[in-house]
Every structure is written in C-alpha cells, then in structure tokens.
Amino acid sequence: MHFEIETKRFAQAARLVSIVATKEAFPNEAAHVLIQAMEKEIIFTATDQVCSIRLLLKDVDVADPGEISFYVPTLYSLSSRLIGEIVIVSSTPKSTQSSFSSGGFNGSMNLISCSDLKNIKVPRIDASRTLSSQELSEALGQVYFAAADERSASSMPLCDIKINCNTDYLEFIACDARRLAKRKLICREEPITTFDVSLSAHYAKKIRMLLREIPEEEISIGVYEDKLVLFGGIWSIVCLLSRYNFPQAYKNMIPSRKTTTALLKRQTFLAALRRTSCLGLDDLDYPRTIALSFEKNRLKLTGNNEVGEALEYIAAKVKGPDLEIKFSANHMEQGLEAIDCEQIILSANTPKDPLLIETQPPDFDYKYVIIPKA
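Heads up: these notes are all about the structure in this document. Everything quoted here is computed from the prediction, not taken from an experiment. (Residues numbered from 1 in each chain as written. Predicted model: local features only at pLDDT ≥ 70, side-chain atom pairs only at ≥ 80, totals over all residues. Heavy atoms only, no water.)

1. Let's talk about the overall build of the protein chain
On a plain count of helices and strands, the protein chain comes out with six helices and 26 strands. In terms of principal-axis extent, the alpha carbons of the protein chain reach across some 80 × 50 × 35 Å. Residues counted as buried form 53% of the 374 residues belonging to the protein chain. Total accessible area computed for the protein chain in this model is approximately 18100 Å², and 48% of it derives from carbon and sulfur atoms. When the 44 positive and 48 negative side-chain charges of the protein chain are each reduced to one mean point, those points stand 4 Å apart. (Helix = DSSP H or I, 4+ residues; strand = E, 2+ residues; numbered from the N terminus. Buried < 20%, exposed > 50% of the residue type's maximum accessible area, 1.4 Å probe, protein only. Areas by Shrake-Rupley, 256 points an atom, 1.4 Å probe, with all protein chains shown as cover. Lys, Arg positive; Asp, Glu negative; His and termini not counted. Charge placed at Lys NZ, Arg CZ, Asp CG, Glu CD.)

Dropping the structure here:
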C-alpha cells in the first residue's frame, strides 16, 4: 500500500479517531484504527465497542491500494507533530511495519491485525432530523453534565440523557435527581420518523467532542435498531443506545407554578456567584451552599463558613413575594456556564420547591432545575 495526503488532513482524521479509540479502551483492539486506501480515497475506521466512527477522505493520491491498522494514540501523537505539508504512508504486503515520511522526518510503526474493524457497518437510514453540527454540539453540552456520575450513581438510568425526536422539536434531557437540564431545538421541518431513546451521558460527551473537532456543517441524526446514527459530509458516527429506560419522574421536577421570578443578566449573576461561593458552606452532598434571596428590585447572594461571610446584591426585575432559597453553588455555576445568553429568568415558589432557571426569549429554549437544600 502507498498513498500521499496533506499532513493537516491526515492529522485531523487521526485526532477524530483518537477521541473514539482511546488508549484506555478495553479490549485492546478497541484502541486501534483501520486505514483502507482505495482509488483516490482513504477510509479511517475506529471503535471502542460502543461508539464507532468512519471518516472518508477524498482526493487522495493512492498509488497502491491496501489496508493497514495502527495503535491509535501513537498514530495521533506522531501525525500531530509532523511539520511537512505532505505525509507519505507505505507498506508491503508481508511487512509488519508501515513507513511514514514528511518533510525531513522518516519513521515506521508496527502494524496490528484488527479484523473486527472490517466488520463495522454504518446503516444507511432516512434521517429523522437535519441540523447543524454546532446546534447538536451545543445542545449536548448544555445537558450531559447534569447526568449522574457512573462511578457513584445510585440509579444507572440517571447516567443517561434522554433524546426525544417529536413532530415539532428535538429534545435533550439529563437528570441526576438533584438537578435537571433540558434543551429543546425547534424543528424547521417535520421529521421522517420520531423516536424517544436514551444515550449514555459519557458517550454524549464523546460525540460532542467529535462534533467540536469538525467544521460546522449540516448533519443528519436518526435511530436504527439499538443505535444512534449521525451522518456528516465525510464522516459517520454510530453509537449503541442505553439499555435503560429514562425515569419519567423527571417531569415532576419542573415547577408548574412560578410564584416569584427575577429577570437578570447571566454574566453578572455568574460572577457574583463565584465570589460569594468562595465562602459557601462545605458539605459532602451540597458543596459550597449559597443562600439566594429574592427582594424588591434585587437579589441577594450569601455565603458563609467558619472562615467568614460573603454577601452581594444584584440588580434584577423581581416579581412576587420575597423568598430565600439555598442551593449548591457548584450546580448553579455549571448550569450558567453551559449556556451563552445575555439574560436569564430565575423562578421559585417556596424555599423547599425546585429553583428554575430559564433563558429569556428570543434566546434558545433551555430549562435548568436545581433541588434546594432544606
């Protein structure tokens, strides 16, 4: 096999497959990539047994077709350091190594037998939804952090995110029983099919990492049997869906009434939260506890511990009776950092009811719920 390709394109492909097939992958074969060279194109294929990716690079100078397999972390480490404009990759049929040359660099890597990668199939399905890669990346980033950690979760379904493709919208939800994040994308056209599935938050994060490495483009999303399928211009991602059913009790966490509300600037609130939370109470379950008071024309944030006390007032348009509610500053900070908008709306009913954070129209449809501390 022998082909020549721009170093930048080769390094980007190696970067993408390295996100899927990491060095921590088990079994070890899941840390490998298969490169198939055909006439004027090469295909990269990698998997970690749950998530798989295929990349098609066209207009490649292929002198001798063939296929080779490498250990992904080493391939990415090497390709990202090459300084020549072109990288030349070649190997002979019975060789145990493949050579690389770029600029003044010449080296070789051991080849690996990786027959399972040849069996990976990407189902061609009618897309349920078409959206931009940036839209999907942002939506996943705005919810996955609210899912429970697999290492400490009391309920595995809470480690997933819910993806609901309806006739009017595409919805993403994550909940760890103490908070809930919900992002809704209004559809521009009616879907070919609808679905309601669960995906591991760990793999939602991995898919988001892949999307952030890809130039913004229109992508298609759909479900085939037990897999979530994404298609882009030169790539496809297939990820196994979770075997758990997402708990329907999440619906009870979203307040139906809004007795007291406050409209304020997100960045102002976030900055004040970071300052006052430095003196928030330390607790294993609710680290950095902060008290939020709704007052006339302002909000008051209070944090205190054995070291001292912090207090800050924030201008806000408050409607409803005065109210104080305590919550985890960590949870609030993560929710505010996940969104990029100028203003937010805070809503609460009683000190024991959930605190609701919403984006202010005409911004995107986002809801974030935090269970207060008694």
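2. Regarding unusual backbone geometry
Of note, Ala177 is a non-glycine position whose phi angle comes to about 85 degrees, a positive value. Looking at the secondary structure, you find Ala177 in the loop between strand E12 (169-175) and strand E13 (179-186).

3. Considerations on the side chain of Arg266
Within the secondary structure, Arg266 is located in helix H5 (residues 266-276). Of note is the side chain of Arg266, whose polar atom sits 3.1 Å from the backbone oxygen of Ile339. Excluding its chain neighbours within four sequence positions, the residues that come into contact with Arg266 are Leu336, Glu337, Ile339, Asp340, Cys341, Glu342, Gln343 and Ile344. (Polar contact = N/O pair within 3.5 Å; in protein donor to acceptor, adjacent residues only side chain to side chain. Contact = heavy atoms within 4.5 Å.)

4. Side note on the packing of helix H3 (residues 133-141) against helix H4 (residues 201-213)
Running from N to C, H3 and H4 point in directions that differ by 145 degrees, and their axes come no closer than 9 Å. The way H3 lies across H4 gives a crossing that is left-handed. Each of Ser133, Leu136, Ser137, Leu140 and Gly141 in H3 lies in contact with H4, whose residues at this interface are Ala204, Ile207, Arg208, Leu211 and Arg212. Taken together, the residues of the contact of H3 with H4 break down into five nonpolar, three polar and two charged. (Axes fitted to C-alpha atoms, helices over the stretch in contact; angles between N-to-C directions. Left-handed = near helix turned anticlockwise from the far one by under 90°. Nonpolar A, V, L, I, M, F, W, Y, C, P; charged D, E, K, R; others polar.)

5. Section: the sheet that holds strand E21 (residues 309-315)
One open sheet holds the four strands; their spatial order is E21-E20-E19-E23, and the pairing between them is antiparallel. The open sheet is flanked by E21 and strand E23 (323-328), the only strands paired with a single partner. Here the average twist between neighbouring strands, direction ignored, is 20 degrees. Alignment of strand E19 (residues 289-295) against E23, held across six bridges, turns out to be antiparallel. Residue pairing across strands places Leu292 opposite Ile325, the latter belonging to E23. (Pairing = 2+ DSSP bridges.)

6. Let's talk about the sheet that holds strand E5 (residues 61-64)
Sheet architecture is open: five strands sit in the order E5-E1-E7-E8-E9, paired in antiparallel fashion. Each end of this open sheet is capped by a strand with a single partner; those strands are E5 and strand E9 (105-110). Mean inter-strand twist for the sheet, computed between neighbouring axes without regard to direction, equals 20 degrees. Note that strand E1 (residues 2-6) and E5 share three bridges and pair antiparallel. Considered in E5, the bridge of Phe3 is made with Val62.

7. Some details on the pattern of salt bridges
Under the counting rule described, the total for this entry stands at 16 salt bridges. Linking Glu312 and Arg275 is a salt bridge whose minimum nitrogen-to-oxygen distance equals 2.6 Å. With Glu312 in strand E21 and Arg275 in helix H5, the pair connects residues that are 37 residues apart, well separated along the chain. Residue classification places Arg275 among the partly exposed positions, given a relative accessible area of 46%. (Salt bridge = Lys/Arg side-chain N within 4 Å of Asp/Glu carboxyl O.)

8. Some thoughts on the pairing of strand E8 (residues 97-102)
Of the strand pairs in this sheet, strand E7 (residues 86-90) and E8 are connected by three bridges, and their pairing is antiparallel. Looking across to E8, one finds that Val89 is bridged to Phe100. The antiparallel hairpin formed by E7 and E8 contains six residues in its connecting segment. In this sheet, E9 lies alongside E8 in antiparallel orientation, the contact comprising six bridges. Residue Ser98 lies in a different strand from E9, and its bridge partner there is Met109. Between the antiparallel neighbours E8 and E9 lie two residues, among them Gly103 with a positive phi of about 60 degrees.

9. Re the state of the cysteines
In the structure shown here, the tally under the stated rule is zero disulfides. Free cysteine Cys51: the closest other cysteine sulfur is in Cys239, separated by 4.3 Å. For Cys159, which is in no disulfide, the shortest distance to another cysteine sulfur is to Cys175 and amounts to 11 Å. (Disulfide = S-S within 2.5 Å.)

10. Some thoughts on the nonpolar core
If you look at soluble globular proteins, the nonpolar side chains tend to sit buried side by side. Core analysis: the largest hydrophobic core is formed by 100 residues, its most contacted members being Phe3, Phe44 and Phe294. With seven residues, the top contributor of residues to this core is helix H1 (residues 7-20). Discounting chain neighbours no more than four positions away, the residues touching Phe3 are Phe10, Ile35, Ala37, Ile42, Val60, Asp61, Val62, Val87, Ile88 and Val89. Counting nine residues, the second-largest nonpolar core is a separate cluster that includes Leu180, Tyr250, Met253 and Ile254. (Core = buried A, V, L, I, M, F, W, Y, C linked by side-chain atoms within 4.5 Å.)

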